Structures are given as C-alpha cells and as structure tokens.
Amino acid sequence: MPSAKFEIKRKCKCCGATFLAKTLDSWYCSRKCSQKAYDQRMAEKKKVEQLNAIVTQIPDARDYISVQEAVAIFGISKDTIYRLIRKGKISAINIGERLTRISKSKLEEMFPLREEPIDRSKPLPKFYSMEPEDCYTIGEISKKFGINDSTVYAHIRNYSIPTRQIGNYVYAPKADIDNLYKDVVKL
Ligand SMILES: [Zn+2]
C-alpha cells in the first residue's frame, strides 16, 4: 500500500492565510503573525489592568460616576453610554465640559458587571486521558482514517502525540487523533 502524505492545513488565527502546521499547537503562519498576536494579547491585558485600577479607585458609596469610570466598571463603550444619554435611557448631569456624570445604580440595572476576558497568554495545561476508552488503537486509527499503520506511527512521532502500550496494542488519545486528522488534506 503506498503511504499517503498528510499535512495539517490551518487558517492562521492572525491573518487568515492557509498554512501547513508543523505541530498540533501551531496556530500562526509566521513568526510575524505569532508576534502580532502576542502583542495584541499583551495590549488587551494592559487595558484590563488599567480598567481594574480605575474600578478600585471608585468609592462604593458614590453613585455619580464619569463616563470613563462607567466604561471600566461595565465594559461598555463610550459610544454606547452617550447613545443611552441621548435616548434618555440614563440620566446624566453635566458639571462642566467633558465632565458628564451618570448614575452607577441606574447602569447596574441595565448592565451586568464587566467580565474579565480570559487571559489567553497562559494556555491551560493539557491533560491527556490515556484510559483505553478515551483512546484509539493504532489499528482503529488506520481503519477510521484510511491511513496505513506506519504513517500513523510517523504522525504520532512528528506531532508528539502521547501513546500507551497495553499488551499488544498501542493506544493514542482520541481527542488528539481526531484533532490531527480533522483538517487533514490528502496531498
Ligand atoms: Zn498569518
């Protein structure tokens, strides 16, 4: 049986270009894109820290807050706040130019508190279940995806997929194998 060549084809999470992933954890087409994505995550993190700093400085007892404070507390945009003011949905007082104050308790009725975006800079540790019920045998993989055993072994090595041997059978986690062959293109 001729051995088929397989590659993982993915869309770059940054620029959207299609590229061939070298490992299961490759998500960007180039160093440039992965750097850009990293910078964006850092900028997002910094912004959250700045918003948190603003929130901690607002006394609980004070009801009238600035637009900037409302952005920090509720995670809504300035545009949204000004639109609500224009529509008369929230009352605002102007204590001078650029010094609009709006009611925190009124906003609380309308918006849930800002949820912190998940910090994606620290990926969760990967847990593998190596229990046989969560795994395929090499033979099952070969049958399911129409790839010969030696090619399956080559992929498992190339993509660092963990395996476990029980008796005569080698097991690999279903989740990783499904992920590996999900967006496979036969070349
Ligand atoms: Zn890219």
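**Concerning the coordination of the zinc ion**
In step 1: In this structure, Cys12 (SG), Cys15 (SG), Cys29 (SG) and Cys33 (SG) serve as the protein donors to the zinc ion, at separations of 2.3 to 2.4 Å.
In step 2: Ordering the donors of the zinc ion by residue number gives the pattern C-x2-C-x13-C-x3-C. Of this pair, Cys12 sits in the loop between β1 (6-11) and β2 (18-21) while Cys33 sits in helix α1 (residues 31-56), placing them 21 residues apart in sequence. Grouping residues by exposure puts Cys12 and Cys33 together as buried.

**Points about the sheet that holds strand β6 (residues 135-137)**
In step 1: Strand order across the open sheet formed by three strands is β6-β8-β7, with antiparallel pairing between neighbours. Bordering the open sheet on either side are β6 and β7 (164-166), each of which pairs with just one other strand. Within this sheet the neighbouring strands show an average axis-to-axis angle of 35 degrees, counted without direction.
In step 2: Two strands pair when backbone bridges link them, and β6 and strand β8 (residues 169-173) are joined in this way by three bridges, in the antiparallel orientation. Bridging across to β8, Thr137 finds its partner in Tyr171.
In step 3: Relative to the sheet, helix α5 (residues 138-145) contacts β6 and β8, its axis offset from that of β6 by approximately 85 degrees.

**A look at the packing of α5 against helix α6 (residues 149-158)**
In step 1: Contact geometry for α5 and α6: axes closest at 9 Å, N-to-C directions at 105 degrees. Between α5 and α6, the angle falls in the class roughly perpendicular. Contacts between α5 and α6 involve Ile138, Ile141 and Ser142 from the first element and Asp149, Val152, Tyr153 and Ile156 from the second.
In step 2: Looking at the contact of α5 with α6, its residues break down into five nonpolar, one polar and one charged.

**Observations regarding a positive patch on the surface**
In step 1: A cluster of basic side chains, namely Arg83, Arg86, Lys87 and Lys89, defines a positive patch on the protein surface.
In step 2: Within the element layout of this structure, Lys87 appears in the loop between α3 (78-86) and β4 (92-94).

**Observations regarding the pattern of salt bridges**
In step 1: Throughout the structure, instances matching the rule amount to three salt bridges.
In step 2: The partner of Lys106 in a salt bridge is Glu109, with the nearest N and O atoms 3.5 Å apart. Taken together, the residues span about one helical turn, with Lys106 and Glu109 both in helix α4 (residues 104-110) at a distance of three residues.
In step 3: Take Lys106: its relative accessible area is 32%, and that puts it in the partly exposed class.
In step 4: Lys144 is paired through a salt bridge with Asp178; the nearest N and O atoms lie 3.6 Å apart.

**Quick word on the packing of helix α2 (residues 67-74) against α3**
In step 1: Following both chains from N to C, one finds α2 and α3 inclined at 115 degrees, their axes separated by 9 Å at the closest point. Once α2 is placed against α3, the crossing between them reads as right-handed. From α2, Val67, Ala70 and Val71 reach across to α3, where they touch Lys78, Ile81 and Tyr82.
In step 2: Of the residues that constitute the contact of α2 with α3, the class distribution is five nonpolar, no polar and one charged.

**Notes on the packing of aromatic side chains**
In step 1: Using the criterion set out here, one finds three aromatic pairs in the structure.
In step 2: Judged by centre distance (6.4 Å) and plane angle (50 degrees), the rings of Phe74 and Phe111 are tilted. Here Phe111 lies in the loop between α4 and β6 and Phe74 lies in helix α2, a separation of 37 residues in the sequence.
In step 3: Phe74 gets classed as buried once you look at its relative accessible area, which sits at 4%.

What counts, and at which threshold
- Residues numbered from 1 in each chain as written.
- Predicted model: local features only at pLDDT ≥ 70, side-chain atom pairs only at ≥ 80, totals over all residues.
- Heavy atoms only, no water.
- Donors = N, O, S within 2.8 Å, 3.2 Å for Na, K, Ca; no water.
- Helix = DSSP H or I, 4+ residues; strand = E, 2+ residues; numbered from the N terminus.
- Buried < 20%, exposed > 50% of the residue type's maximum accessible area, 1.4 Å probe, protein only.
- Pairing = 2+ DSSP bridges.
- Axes fitted to C-alpha atoms, helices over the stretch in contact; angles between N-to-C directions.
- Contact = heavy atoms within 4.5 Å.
- Parallel < 35°, antiparallel > 145°, perpendicular 65-115°, else oblique.
- Nonpolar A, V, L, I, M, F, W, Y, C, P; charged D, E, K, R; others polar.
- Patch = residues over 30% accessible without salt bridge, like charges linked within 9 Å, V, L, I, M, F, W, Y side chains within 5 Å.
- Areas by Shrake-Rupley, 256 points an atom, 1.4 Å probe, with all protein chains shown as cover.
- Salt bridge = Lys/Arg side-chain N within 4 Å of Asp/Glu carboxyl O.
- Lys, Arg positive; Asp, Glu negative; His and termini not counted.
- Charge placed at Lys NZ, Arg CZ, Asp CG, Glu CD.
- Left-handed = near helix turned anticlockwise from the far one by under 90°.
- Phe/Tyr/Trp six-rings, centres within 6.5 Å; stacked < 30°, edge-to-face > 60°.

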